[in-house]
Amino acid sequence: MESYGLFPVKENKRTAFYFALDRQEKTASLSVDFIKNTAFDFGTGKIYDVISIVQAINKCNVSTALEYLNKLDFSPTIDNVVETNDGFTYNVLKTIDVEHPALLEYLKSRGVLNCKSLIKEIHYKIEDKYYFAIAFFNNSGGIEVRNKYSKICLGPKDVTLIKKGNQQNNEIVVFEGFFDYLSYKTIEDDKFSSDADYLVFNSTSMLLAGDKILKKYKKISLFLDNDKTGKTVVEQIRNSYKNVEDFSWMYQHDKDLNQWLIR
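Remember, predicted model here, so these are calculated numbers, not experimental data. (Residues numbered from 1 in each chain as written. Predicted model: local features only at pLDDT ≥ 70, side-chain atom pairs only at ≥ 80, totals over all residues. Heavy atoms only, no water.)

K.L.:
Help me understand the environment of Pro 8, please; the structure alone is not making it clear to me.
P.N.:
In this fold, Pro 8 is placed in the segment before β1 (10-11). Taking the C-alpha atoms as reference points, Pro 8 and Asn 139, 131 residues apart in sequence, are found 43 Å from one another. Setting aside residues up to four positions removed in sequence, Pro 8 forms contacts with Ala 16, Phe 17 and Tyr 18. (Helix = DSSP H or I, 4+ residues; strand = E, 2+ residues; numbered from the N terminus. Contact = heavy atoms within 4.5 Å.)

K.L.:
Looking at this structure, I do not really get the pattern of salt bridges. What am I missing?
P.N.:
Side chains that carry opposite charge are capable of pairing whenever their charged atoms lie near each other. Across all of its chains, the model carries 14 salt bridges by this definition. Residue Asp 97 is joined to Lys 120 by a salt bridge in which the shortest nitrogen-to-oxygen separation is 2.8 Å. Taken as a pair, Asp 97 in the loop between β7 (90-96) and α3 (101-109) and Lys 120 in strand β8 (residues 120-126) lie far apart in primary sequence, 23 residues in all. We classify Asp 97 as exposed; its relative accessible area is 51%. Between Glu 245 and Lys 219 there is a salt bridge, with its nearest N and O atoms 3.6 Å apart. Taken together, the positions of Glu 245 in strand β16 (residues 244-246) and Lys 219 in strand β15 (residues 219-223) put the pair 26 residues apart, joining distant regions of the chain. (Salt bridge = Lys/Arg side-chain N within 4 Å of Asp/Glu carboxyl O. Buried < 20%, exposed > 50% of the residue type's maximum accessible area, 1.4 Å probe, protein only.)

K.L.:
Would you explain helix α4 (residues 178-191) in this entry?
P.N.:
Residue pairs spaced three or four apart in an α-helix point in one direction, given the helix's 3.6 residues per turn. Look at α4: 19 Å from first C-alpha to last across 14 residues, which is about the 20 Å you get at 1.5 Å a residue. Along α4, the sharpest kink reaches roughly 30 degrees, centred on Lys 185. Three or more residues of α4 are buried, namely Phe 178, Phe 179, Asp 180, Tyr 181, Leu 182, Ser 183, Tyr 184, Ile 187 and Glu 188. (Expected span 1.5 Å × (residues − 1). Bend = angle between axes of the 7 residues up to and from the residue.)

K.L.:
Teacher, can you tell me more about the sheet that holds β16 here?
P.N.:
Hydrogen bonds along the backbone pair up the strands of a sheet, which may run parallel or antiparallel. Spatially, five strands are ordered β12-β14-β13-β15-β16 in an open sheet, and the strand pairing comes out mixed. Every other strand in the sheet has two partners, leaving β12 (160-162) and β16 as the edge strands with one partner each. Strand-to-strand, the axes of this sheet are offset by a mean angle of 20 degrees, without reference to chain direction. Looking at chain direction, β15 and β16 are connected through three bridges and run parallel. (Pairing = 2+ DSSP bridges. Axes fitted to C-alpha atoms, helices over the stretch in contact; angles between N-to-C directions.)

In structure tokens form, the structure reads like this:
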């Protein structure tokens, strides 16, 4: 922020408040968290890390943002939230069954180790740097990539439809992210018994992409996040389809189904 001549209006030991990046305002609404090394815009709801905030200020892609950051006194790692492969080059080296001890421990910490057969271990390279993580594929061949430090998508962003059998089932169970899907599969035998298909949005912004899928089903069961965005999507689906059931009451005191499972 200082490299752009941007300084906080006020700050304490954990946070600092700046004026918004994209508008004039009298009260600073951009909060920077020193611990998480992220920024949150209270006016728009956007979350930034060091790479995405450079993208916002310079209006550039990830590769150009990394070049800018590499000129500073630190070298950032790609541990940010990236929706697409916008501008950066990547190369998938291999995908295998999950076997790396760090990834197994990560799955255990998320309470879904027993579902490791539903995902893959991916080894990939971005900008000549090597990484490994959990991989979950979407309908367009894009790969949702997760580990303790990374949350990115390699390739095109899309939803993931998982069919249960070859027939057309009457019910579909919907999740925002694949860790919620894995959480559901972890408890499915104990709490649910149905021949339902599964739909993972991989982002609530993919609601429109899931429209053609949802309208094929007679019943829609929702396990979306317990936040403002999740509630908005629930209402949109309820207004668009019949026989919709919201199961967020199950984890009403938690952010999402995975957090409930961990607790």
